[in-house]
Every structure is written in C-alpha cells, then in structure tokens.
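# Commentary on secondary and tertiary structure
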Amino acid sequence: MSIDTAVVLAAGEGTRLRPLTRNRPKPMLPAANRPILEYVFDALVAADVRRIVVVVGYKRGRVQDHFGPTYEGVDVEYVTQHKQLGSGHALLQARGAVDGPALVVNGDRVIDDNIVRDVVREFEASGEPSMAVLERPETSQYGAVVLHEGDVSELVEKPETDEYRLINAGVYAFESSVFDAIDATDRSDGELALTDTIGRLMDDGRVRGVRTEGMWVDATYPWDLLTVADEVLARGHVDEPARASGGNDADVWVDPAANVHDAAVLQGPTVVGPDCEVGPGSVVGPNAALGQNVTVGANATVRNSVLDTDTRVESGSTLIDAVTGEDVTLGAGTVVPGGPADVRVGREVFRDQRLGAVVADRVTAEGDASFSPGTLVGPGAHIGTSVRASGRIAGGAEVVR
C-alpha cells in the first residue's frame, strides 16, 4: 500500500457524552469491553498502516498511557492540539509529523478495516483526495454527502431534511498539500473544520467519494454506548482469545484470566474481560460487556449493559440498560430497571431512549439503592442506602434518604 501513515484525530472530549467523559476523552470510552480507539488502531493495522500519528488534546495522558509508543508492532507518535478549535485545526497539528500522503481518520468511531482499504484503493487509482461514504437511513446527526459520478458534489452538515441517505464516514486520504489547503481555509466561529477545507478542495478540483460498507458505529450520547456494544458483540469484534467451551452460548467470549463460577449463567452475546469474577447464581447477558477486573456478585443479573474497568456489582443486584464508568461500586441489591426513559442532555430532552442509568467513574452506591430510568450520575458521587436516584446527579454529590 502506498500510504503507510495514518493521522488519527483523538483530541476531543465528547461533551454530549458527559458525565462519562469528565475524566477521559471520548475515544477512550468502551466499545463493549475495549476503548473505541483500539478498534480504530486495529482497522489501520489490518489495512497495512505502518505508522500512526495521534492528535491528542483533552485528557491526552489517558491515550498516551494506554497505547504507549507502539501498537501491534506499529509505531505510534503523538502530537497535541492544546485548544480544541475544530477538526481541521487538529489535523494541522500533525503537519510536522507527516511527509507524503496520509490517511486521516476520526478516532471516536468504531470502524472496519475494509472501509480504510476502500479509501486507499480509490486514492491510489485516482490520485485525488478521497473520503469514505456510507449509506444510512438517518443522517441528521452527521455530515450528509451528495455524489455525482463518484465525485463529492455537496456536503451538508447535520441536514434538517430526510432527503439525504449518504454520510461522511470520517475516513480520508490526502496528499500532504492538504495542510496548505487548511491554512487557506477561513475559520467559522473561531474553529477550523476539516469539512470546510474539503469544500475548498471540491471548488478547486475533485474529491472522490468512496461508497463502502462495514461496521461503523458512533456514540454521540451516553445511551449510544449500549448500541455500540450491541453492534460489536453481534459481529464478534471482541479481542478475547477464548470462547466459552461447553458453556451456555456459542457467542460468549471469556478471557482465560477471568473466573466464572460453574453455577453462573452467561447468555450470548456477552464478553467477559480479563481478571473478571462472576459469582454463583448470577446471570450475565445477553448483550453484556464486562471490562477488565469487573466483579459480578452472587445471584446478580446484568443484561444489555456495559460495565467498565474495576466495576463491582454486589450480590442480588439487577442491572439492565446500564453503563458504568471505572472503579464503580454498586452495593448489594442495587436495581437499575432499564429504559425507555426521557434523558436530558444539556438543555435538550431526548424522549424514549433505551437507558437505565449512566454511573460515572468512582461512584459508590450503598445497598438497596435504585436508579430511575434515564438517571445520569456524575463522577465521585455517593448514593446512600435505599436511595432512589433519578435525573442528573452532580459529580461528588452525597445523596441520602
């Protein structure tokens, strides 16, 4: 492959995913039981990329500490966007690290390697800037694309009509001259958007739109992490070396370092990460993802949920449609009954979302606590014994009866 370098844009916070992004950037949130960014790196490595330049910014140490200087034998280099001033500005920070053509990939969406390969193939064949385009029934949250004989003829950011069916997948191939084009692009409200630069490239010549398909999953709001996990599990895109043998379901992945009691029931699709413990009488799954060192106590139920690293679910608890951050403790008898729910994000209320509760990092709930559907709990909050939590609970709050 002529392109051996990829620039991954991973500097943003993901404000609409708060409170989960209070302590880490969106690319480090879990897609099932691994960070979203790992799937991006996997796709690039599978597409024969030999060098990855990562643009980091918000909580950049979380990315750098996790991946280090190499990933699966591929060199990883970091450059910093100190202020989040748009995707074009983020890419511009990589100028000194790129010599020649490069892939540019958003680091906050789970993608398949064939999407990357399709873009490279078109770029090599045409010699023109190229971008991946996917067909989706709903385009209002993304950038819509109009193609004419394979050329991008129109880009519409978050269209307000339902006439569009193609979206920008956030996977591009450019010559190094793209940096000059970014420099020449006008800022909008102080930000420099890569799509504005692509608009300039369209005016000056051609931008090829590559219709492709494969796994492409984005989390815009907290409940989307449940959908992301569903998609990853359904496609078997987990990185565990062993399936359950003689177990309860063929679509159950259990890390060899996990300890699952013989009297526990695992219902697929489900993934159990390293150093997890699943106690007797517990039922985990379907559509459950347990990250590293998660404990599920005796006679607990975990279904349609994503439990991140070091979460502890004590005995007799029931979690449905739940997302936890890291180092969360849910005491005995905790109940998250599941959605649907009306969830407030900022000033907007989203009706009938599949969300039991989001419980951010380092939250502790004492025994017999319950969470109304759609509850968002900020990091470090403490929920007292027999409390019924609901709505938005601020980080560090103490909630008692």
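Keep in mind that what you see is a predicted model, and the values were worked out from it rather than measured.

A few words now on the UniProt feature "domain: Mannose-1-phosphate guanyltransferase C-terminal" (unreviewed entry) in the protein. Those places that UniProt annotates as "domain: Mannose-1-phosphate guanyltransferase C-terminal" (unreviewed entry) correspond, in this numbering, to residues 267-366. Annotated as 0% helix and 46% strand, the span residues 267-366 places its first and last C-alpha atoms 27 Å apart.

As a further point, take the packing of aromatic side chains. Two aromatic rings are characterised by how far apart their centres lie and by the angle between their planes. Overall, the coordinates contain 8 aromatic pairs when judged by the stated rule. Between the aromatic rings of Phe-67 and Tyr-71, the centroid separation amounts to 5.7 Å while the plane-to-plane angle is 70°, which identifies the pairing as edge-to-face. When its relative accessible area of 7% is taken as the criterion, Phe-67 is described as buried. Here the aromatic rings of Tyr-221 and Phe-350 are separated by 4.5 Å at their centres, their planes lie at 50°, and the arrangement is tilted. A residue pair is termed long-range when its members are at least 10 positions apart, and Tyr-221 in the loop between β14 (216-218) and α7 (224-234) and Phe-350 in strand β31 (residues 348-353) qualify at 129 residues. Neither Tyr-221 nor Phe-350 differs from the other in exposure class; each is buried. Counting every residue linked through ring pairs, the aromatic cluster contains Phe-41, Phe-67 and Tyr-71.

Looking now at the sheet that holds strand β15 (residues 252-254). If you trace the 8 strands from one edge of the open sheet to the other, you get β15-β18-β21-β24-β27-β32-β35-β38, paired in parallel fashion. Since the sheet does not close on itself, it has two edges, and those belong to β15 and β38 (392-393), each with one partner. In this structure, strand β24 (residues 305-307) lies alongside strand β27 (residues 322-324), joined through 2 bridges in parallel fashion. Residue pairing in the sheet places Leu-307 in a bridge with Thr-324 of β27. In the packing of α7 onto the sheet, the strands contacted are β15, β18 (270-272), β21 (288-290), β24 and β27, and the crossing angle to β24 comes to about 95°.

Within the largest apolar cluster, 37 residues are counted, with the highest numbers of intra-cluster contacts made by Leu-37, Phe-41, Leu-44, Val-54, Leu-103 and Val-116. Discounting residues that sit within four places of it in the chain, Phe-41 has contacts with Val-8, Ile-52, Val-54, Phe-67, Tyr-71 and Val-76. Judged by nonpolar contacts, the second largest core, of 34 residues, contains Leu-266, Cys-276, Val-363 and Phe-371.

Looking now at the domain arrangement of the protein. Many analyses report the size of an interface as the accessible area lost when the parts associate. The domains assigned to the protein are domain 1 (5-218) and domain 2 (238-399). One C-alpha centre belongs to domain 1, the other to domain 2, and the line joining them spans 31 Å. Contacts between the two partners involve 11 residues from domain 1, matched on the other side by 22 residues from domain 2. Counting each side, the surface lost to burial between domain 1 and domain 2 is near 1300 Å², with a carbon and sulfur contribution of 56%. A salt bridge links Arg-24 to Asp-361, with the nearest nitrogen and oxygen atoms 3.5 Å apart. Our count for the contact surface shared by domain 1 and domain 2 stands at 4 residue pairs in polar contact (both at pLDDT 80 or more). Classifying every residue of the side of domain 1 that touches domain 2 by side-chain character gives 4 nonpolar, 2 polar and 5 charged.

Cut-offs applied
- Residues numbered from 1 in each chain as written.
- Predicted model: local features only at pLDDT ≥ 70, side-chain atom pairs only at ≥ 80, totals over all residues.
- Heavy atoms only, no water.
- UniProt positions renumbered as here; feature names shortened; annotations may be inferred.
- Helix = DSSP H or I, 4+ residues; strand = E, 2+ residues; numbered from the N terminus.
- Phe/Tyr/Trp six-rings, centres within 6.5 Å; stacked < 30°, edge-to-face > 60°.
- Buried < 20%, exposed > 50% of the residue type's maximum accessible area, 1.4 Å probe, protein only.
- Pairing = 2+ DSSP bridges.
- Contact = heavy atoms within 4.5 Å.
- Axes fitted to C-alpha atoms, helices over the stretch in contact; angles between N-to-C directions.
- Core = buried A, V, L, I, M, F, W, Y, C linked by side-chain atoms within 4.5 Å.
- Domains from an automatic or database assignment.
- Buried area = accessible area lost by both parts, 1.4 Å probe.
- Salt bridge = Lys/Arg side-chain N within 4 Å of Asp/Glu carboxyl O.
- Polar contact = N/O pair within 3.5 Å; in protein donor to acceptor, adjacent residues only side chain to side chain.
- Nonpolar A, V, L, I, M, F, W, Y, C, P; charged D, E, K, R; others polar.

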